[in-house]
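Topology and contacts: notes
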Amino acid sequence: MSAQSQDTAVSTGRITRALIYLVLLLFTLFYLLPLYVMGVNSLKPLAEITGGNMMALPQIWTFDAWRSAWSTAQIGIEPTGLKPYFLNSILMVVPAVTISTIVGALNGYVLTKWRFRGDTWVFGLMLFSCFIPFQIVLIPMAMVLGKLGLAGSVPGLILVHVVYGIGFTTLYFRNYYAAFPTELVRAAQIDGAGFFRIFWRILLPVSGPIAVVSVIWQFTNIWNDFLFGASFGGTSQPMTVALNNLVQSSTGVKEYNVHFAGAILAALPTLLVYIVAGRYFVRGLMAGSVKG
Amino acid sequence: MTAPATADFRTRLQDWLPKMVLAPSFAVTLLFVYGFIAFTVLLSFTGSKMLPKYDFVGLDNYRRLFALEHWHIAIGNIAVFASLYIVICSAIGLMLAIFLDQKIRGEGFLRPIFLYPMALSFIVTGTAWKWFLDPGIGLEKVMRLWGWESFTFTWIKDNDLAIYCIVIAAVWQTSGFVMAMFLAGLRGIDNEILKAAQIDGASNWQLYRRIVIPMLRPAFLSAFVILSHLAIKSYDLVVALTGGGPGRSTEMPATFMYSYTFTRNQMGIGASSAVIMLMTIAAIMVPYLYAELKEKK
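Residues numbered from 1 in each chain as written. Chains lettered and ligands numbered in written order. Predicted model: local features only at pLDDT ≥ 70, side-chain atom pairs only at ≥ 80, totals over all residues. Heavy atoms only, no water.

Threshold: UniProt positions are given in the numbering used here, feature names are shortened, and annotations may be inferred rather than shown by experiment.
Under an unreviewed UniProt entry, the name given to chain B is ABC transporter permease, and the organism recorded is Fuscovulum blasticum DSM 2131. In its Sequence similarities (unreviewed entry) section, UniProt records this for chain B: "Belongs to the binding-protein-dependent transport system permease family." For chain B, the Subcellular location (unreviewed entry) comment in UniProt is given as "Cell membrane".

Looking at an unreviewed UniProt entry, chain A carries the name Sugar ABC transporter permease, with the source organism given as Fuscovulum blasticum DSM 2131. Per UniProt, chain A carries the Subcellular location (unreviewed entry) text "Cell membrane". UniProt's Sequence similarities (unreviewed entry) comment on chain A is quoted here verbatim: "Belongs to the binding-protein-dependent transport system permease family."

1. Describing the UniProt feature "domain: ABC transmembrane type-1" (unreviewed entry) in chain A
Stated precisely, the cut-off is as follows: By the criteria applied, helices consist of DSSP H or I runs no shorter than four residues and strands consist of E runs no shorter than two, each listed in order from the N terminus.
Sequence positions flagged by UniProt for "domain: ABC transmembrane type-1" (unreviewed entry) are, in local numbering, residues 86-277 of chain A. Helix makes up 77% of residues 86-277 of chain A and strand 0%, and the two end C-alpha atoms of the span are 22 Å apart.

2. Side note on the interface of chain A and chain B
Put simply, the test is: Residues count as neighbours in contact if any of their non-hydrogen atoms are within 4.5 Å of one another. Buried area: the accessible surface (1.4 Å probe) lost by two parts on joining, summed over both. Salt-bridge detection follows one rule: a side-chain nitrogen of Lys or Arg within 4 Å of a carboxyl oxygen of Asp or Glu. Any residue that is not Ala, Val, Leu, Ile, Met, Phe, Trp, Tyr, Cys, Pro, Asp, Glu, Lys or Arg is counted as polar, Gly included; the first ten are nonpolar and the last four charged.
Chain A puts 100 residues into the contact, and the matching count from chain B is 103 residues. Across the interface of chain A and chain B, roughly 9300 Å² is buried in total on both sides, 75% from carbon and sulfur atoms. The largest share of the area that chain A buries against chain B comes from Tyr 31, Ile 136 and Ile 139 of chain A, three residues that together contribute 8% of it. Summed over the shared surface of chain A and chain B, the result is zero salt bridges. Of the residues forming the side of chain A that touches chain B, the biggest block, 15 residues, is contributed by helix α2 (residues 14-42) of chain A. Here the residues of the side of chain A that touches chain B are counted per class, giving 66 nonpolar, 29 polar and five charged.

3. A word on the domain arrangement of chain A
Residue and element names in this part refer to chain A. So the rule is basically this: Domain start and stop points were drawn from an automatic or database domain assignment.
For chain A, the assigned domains read domain 1 (2-67) and domain 2 (83-286). Computed from C-alpha coordinates alone, the two centres of domain 1 and domain 2 are separated by 31 Å. Contacts between the two partners involve 14 residues from domain 1 and, on the opposite side, 12 residues from domain 2. Summed over both sides, the interface of domain 1 with domain 2 buries roughly 1000 Å², with 86% coming from carbon and sulfur. When the buried area of domain 1 at its contact with domain 2 is split by residue, Met 38, Leu 46 and Trp 66 rank highest and sum to 53% of it.

Encoded structure:
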């Protein structure tokens, strides 16, 4: 896919072009600004921020703020740093992403290759669940998690994220499998292959790209979630909630450099995913606007 | 006799298997989404305070909700925030997409820079902008140190202006994504149409105004739906950036619901505010999803 041939046929004059480049440059600076501010200031001693210029490079380069954010900063009442919360997030994200992606793949397979009466309704109901404001489920969810003994635990958060994630994963796989020739499935069926065998041998081997999209989308969403983490995290709070506690804590001196280092730590996993697989990330976003 | 019987059983099982695989997800959706919605609606008609109670009070909570000044602030804020957010994101997204579409050198380098904020948590975005907009250490101080002594920028501390800080941070986070949506739309437009219009003597401005932008209608619709849905759900960004303050000046329905339900022990009112939020989103999403699904059939 060559980008050149896709470009518009519109041609522009030199002054217009210069202006266009200028605007693009300004926006580049705008988008990079917060990242620059966080990066630079996380490497300064606190005095250089409170007494100096936020935009300036550090005079003394130090990783102290990073060390503090990771292992000693006061989060809530415990001086544990963000490390345990980072682990909570990992323990929550990995199973939640895995389960919701597998379930989404199977659902997409059924909804496209084993269609039945009312399947569009079933899918529609699942799809709408992606878009509800989660405030509407907070109260009953808190009660149910309490009843199940999962309140304030990592398994509880996994359950919540799987439940409200399968709508999206089903959407991805459904749209993807819809383009896969159903004749191949029917032929395999005539040859005596069963439901799971067809999925395993025929659909799964071609599912790589959409699985990546689904994993990235779920990973980003679940890692970045705050509402569920804050509501049901209890003693197993994820990274986002811990970061917010760190930044909002009203006691003591505001250690801006530690806050910035913590913010980067919280952003790092999703940023890495974006850098490594940005193309798939964009595809997931686009499919999230329903049109595949 | 037994062989055909087992074969029959196997085919029957094969017939049922797909539905059995889908059933748990569907059941979970019915219970955790629609059941929970029904339960919250039910609670909104009860006098629940700290814990759910089942004494029906009719529309009392809704009456009290709409009499609360706090709720009026939240509604006013979401109206200002959502409209500015949607309009500015769409305008910036469209402009950047059109500019990037002009055979720009380094497009492959710029696009990911415009889009990376979308990968971040709103809490991270909020933290970065909170301190950058803080007059004590951020932008105002930087400008003064650079020699612009009279420069003042105290929006984030100002009851009337703090809401615009949330708009800035939110636009920063999502405008690149809107750009990507418009760019995909632009790349889908047939160049022959543009060439034909050029031969007819259309200027670039006319070309975009009359032909290209009208052809982007589906992208506009998707952008509108996604942005409005993000706006109504916005909770984390407010919490991280302003905490709803100064005072209550940046309170939104999402933060209102949380504080009334979980910290002020007014569960009935919290539930009724959640119902209002759901109805607003449903009014936008249901027709959109319905149209999309019908089209696909």
